[in-house]
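# Structure assessment
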Amino acid sequence: MIKFLDLHKINNRFRAEFEIALGKSLDNSNYILGPNVSKFENEFAHYCGTKYCVGTANGLDALTLILKGYIHLGKIKKGDKVIVPANTFIATILSVLHADLVPVFVEPNHKTYNLSAHKVSAAITKDVKAIIMVHLYGQLADVEGLNAIAKAQNILLIEDAAQAHGSMCDTGKAGNLGNAAAFSFYPSKNLGALGDGGAITSNDSELNEVVKLYRNYGSKEKYTNEIVGFNSRLDDLQAAILNIKLKTLDTDNERRRFIANYYLENIINPKIQLPFYNKSMNHVFYAFVVEVENRDRFMSYLEKNGIESLIHYPIPPHQQKALKNYAHLNLPITENIHKRIVSLPISVMLSDVEIRMLIKVLNDY
Ligand SMILES: *Cc1c(COP(=O)(O)O)cnc(C)c1O
């Protein structure tokens, strides 16, 4: 059986280093916002090329705190509209709702699954005060086009980089391509902890100060509370794990791109539509997503042949019970994508034998 993602294999590579780091934490007993968190914040900011990084409890909170932070700074206000891609993971939209803002669902470009400048332009109104660009599946959205719109409209451009650690283009790396960015270190992500984790990167000193307050009870000094904060700190043990795994993020991403290229060259089956990839480093292949006509049949064929596959994601956000206020929206591109997509295994731990076996099974379909 080729597993979709073998987290044990992925993390077991680092077992010896993990044990040393966890042993140190046990000795230091500095569990909350300890030395591992500040080390990770420095190193991840350096990795992304940003001035600042603030660790948070998870990716949803990272997004929410960015929005709450900009509200606190007066850059946006409650009730303002925020453009989001209609086909994103629901967290993007939940962050907008949690910050008392109003999501505007924009259809993606079907070729890239990401927001394009063209469709975003058409959705701009005077109430739209921010855009959240999601780098879905690890591929950068139209960074240049969306930055041009944000600049022309004088609105914020926020990155949901939860699937795009290390993706880059001429102007920089994910995390450094808008006003602020949110990352998730959920175990399955390209940089994954052994539990939950998240981060906010930016070059904005004011935002940095506010989100640092928000994640820690609105407190800079213990028992002094400046704003109505949250408890959303990156756990120090998770930061210790992330410090170790950050060192192999680039080689892991290279391996993912290698597998993706190998699939793209060798899967030759007119029944399987392969993803668009421009062969640059603008993609880190968090997911390798193909499209098929009869998905149930395709997925059970894969299963019978020992290949586990997943769907990112089976139900579009506006059709979720949680978002029933948006159920009336007519989003045909998004709905069509959600019916057809299947994610194939692209773990860094796949062996060459497994990759070839997978290609054979796909070509025999
Ligand atoms: C994983 C993910 C998130 C949320 O991250 P959590 O750490 O699970 O809260 C947000 N947006 C996207 C696109 C994601 O893939």
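Residues numbered from 1 in each chain as written. Predicted model: local features only at pLDDT ≥ 70, side-chain atom pairs only at ≥ 80, totals over all residues. Heavy atoms only, no water.

## Here we look at the sheet that holds strand E2 (residues 81–85)
If you trace the 7 strands from one edge of the open sheet to the other, you get E1-E9-E8-E5-E4-E2-E3, paired in mixed fashion. This sheet does not close on itself; its edge strands, each paired only once, are strand E1 (52–56) and strand E3 (102–106). Strand after strand, the sheet turns through a mean of 25 degrees between neighbouring axes, direction not considered. Alignment of E2 against E3, held across 5 bridges, turns out to be parallel. (Pairing = 2+ DSSP bridges. Helix = DSSP H or I, 4+ residues; strand = E, 2+ residues; numbered from the N terminus. Axes fitted to C-alpha atoms, helices over the stretch in contact; angles between N-to-C directions.)

## Regarding empty space enclosed by the protein
Applying the stated rule across the entire model yields 2 cavities of 30 Å³ or more. Taken as a whole, the largest cavity encloses approximately 90 Å³ of empty space. Class assignment for the residues of the lining of the largest cavity results in 5 nonpolar, 3 polar and 5 charged. When residues are assigned to domains, the lining of the largest cavity turns out to be shared by domain 1 (7–246) and domain 2 (249–363), each giving three or more. (1 Å grid on protein atoms, 1.4 Å probe; cavity = no way out; pocket = protein on both sides within 12 Å on 5 of 7 lines; lining within 4 Å. Points joined across faces, edges and corners; volume = space filled by probe spheres on them. Nonpolar A, V, L, I, M, F, W, Y, C, P; charged D, E, K, R; others polar. Domains from an automatic or database assignment.)

## A word on the site of the ligand
The full set close to the ligand counts 13 residues, and Gly59, Asp160, Gln163, Ser184 and Lys189 are the nearest of them. Between the ligand and the protein, one listed contact pairs an oxygen atom with a backbone N or O atom of leucine 60 at 2.9 Å. Aspartate 160 has a polar side-chain atom sitting 2.8 Å from a nitrogen atom of the ligand. One can see that the ligand is located within the largest pocket. (Near = heavy atom within 4 Å. Polar contact = N/O pair within 3.5 Å; in protein donor to acceptor, adjacent residues only side chain to side chain. Sits in = over half its atoms within 2 Å of the grid points.)

## Notes on the environment of threonine 112
For threonine 112, the location among the structural elements is in the loop between E3 and helix H6 (117–123). A residue is classified by how much of its surface remains accessible, and threonine 112, at 16% relative accessible area, is buried. Along the primary structure threonine 112 and glycine 175 are separated by 63 residues, whereas in three dimensions their C-alpha atoms are 19 Å apart. When neighbours within four sequence positions are excluded, threonine 112 is seen to be in contact with Gln139 and Phe276. (Buried < 20%, exposed > 50% of the residue type's maximum accessible area, 1.4 Å probe, protein only. Contact = heavy atoms within 4.5 Å.)

## What about the pairing of strand E10 (residues 288–291)?
The two faces of E10 match: Phe288 and Val290 on one face and Val289 and Glu291 on the other face are all buried. Where E10 lies against strand E11 (residues 341–344), 4 bridges are found, and the strand directions are antiparallel. Note that in E11 the partner of valine 289 across the bridge is serine 343.

## Details of the nonpolar core
Within soluble globular proteins, side chains that are nonpolar generally end up buried alongside one another. By size, the foremost hydrophobic cluster in this structure holds 41 residues, and its most contacted members are Phe40, Phe44, Ile83, Val120 and Phe185. Secondary structure elements with two or more residues in this core: helix H3 (35–48), E3, H6, strand E4 (128–134), helix H7 (143–153), strand E8 (180–184) and helix H9 (236–246). With 6 residues, the single largest contributor to this core is H3. (Core = buried A, V, L, I, M, F, W, Y, C linked by side-chain atoms within 4.5 Å.)

## A look at the pattern of salt bridges
Going through the model one piece at a time under the given rule, you end up with 15 salt bridges. The closest approach of N and O atoms between aspartate 252 and arginine 13, which form a salt bridge, is 3.0 Å. Residue aspartate 252 is located in helix H10 (residues 249–266), and its partner arginine 13 is located in the loop between helix H1 (7–12) and helix H2 (15–28); the two are separated by 239 residues in the primary sequence. We classify arginine 13 as partly exposed; its relative accessible area is 35%. (Salt bridge = Lys/Arg side-chain N within 4 Å of Asp/Glu carboxyl O.)

## Thoughts on the layout of surface pockets
Roughly 590 Å³ of volume is contained in the largest pocket. What lines the largest pocket is a set of 30 residues, and nearest its centre among them are Phe89, Tyr186, Ser188, Lys189 and Tyr286. Those elements that place two or more of their residues in the lining of the largest pocket are helix H4 (59–72) and helix H5 (90–98). At 3 residues, H4 tops the list of elements feeding residues into the lining of the largest pocket.

## Digging into the side chain of histidine 283
Of note, histidine 283 is situated in the loop between H10 and E10. Reaching out from histidine 283, the side chain makes a polar contact with the backbone nitrogen of phenylalanine 285 at a distance of 3.0 Å. Dropping the residues within four chain positions of it, histidine 283 is found in contact with Tyr137, Gly138, Gln139, Ser167, Arg257, Phe276 and Tyr277.

## What about helix H13 (residues 352–363)?
Its 12 residues give H13 an end-to-end C-alpha distance of 17 Å, which sits within 8% of 16 Å, the value for a rise of 1.5 Å per residue. Considering only its buried residues, H13 is in contact with H10, helix H11 (295–304) and E11. (Expected span 1.5 Å × (residues − 1).)

## Focus on the domain arrangement of the chain
Size of an interface, as often reported, equals the accessible area lost when the parts are brought together. For the chain, the domain assignment lists domain 1 (7–246) and domain 2 (249–363). Computed over C-alpha atoms, the centres of domain 1 and domain 2 are 24 Å apart. If you look at the interface, domain 1 gives 37 residues, while domain 2 gives 35 residues. Interface area for domain 1 against domain 2, summed over the two sides, is near 3400 Å², with a carbon-plus-sulfur share of 61%. Applying the counting rule to domain 1 against domain 2 returns 1 salt bridge. (Buried area = accessible area lost by both parts, 1.4 Å probe.)

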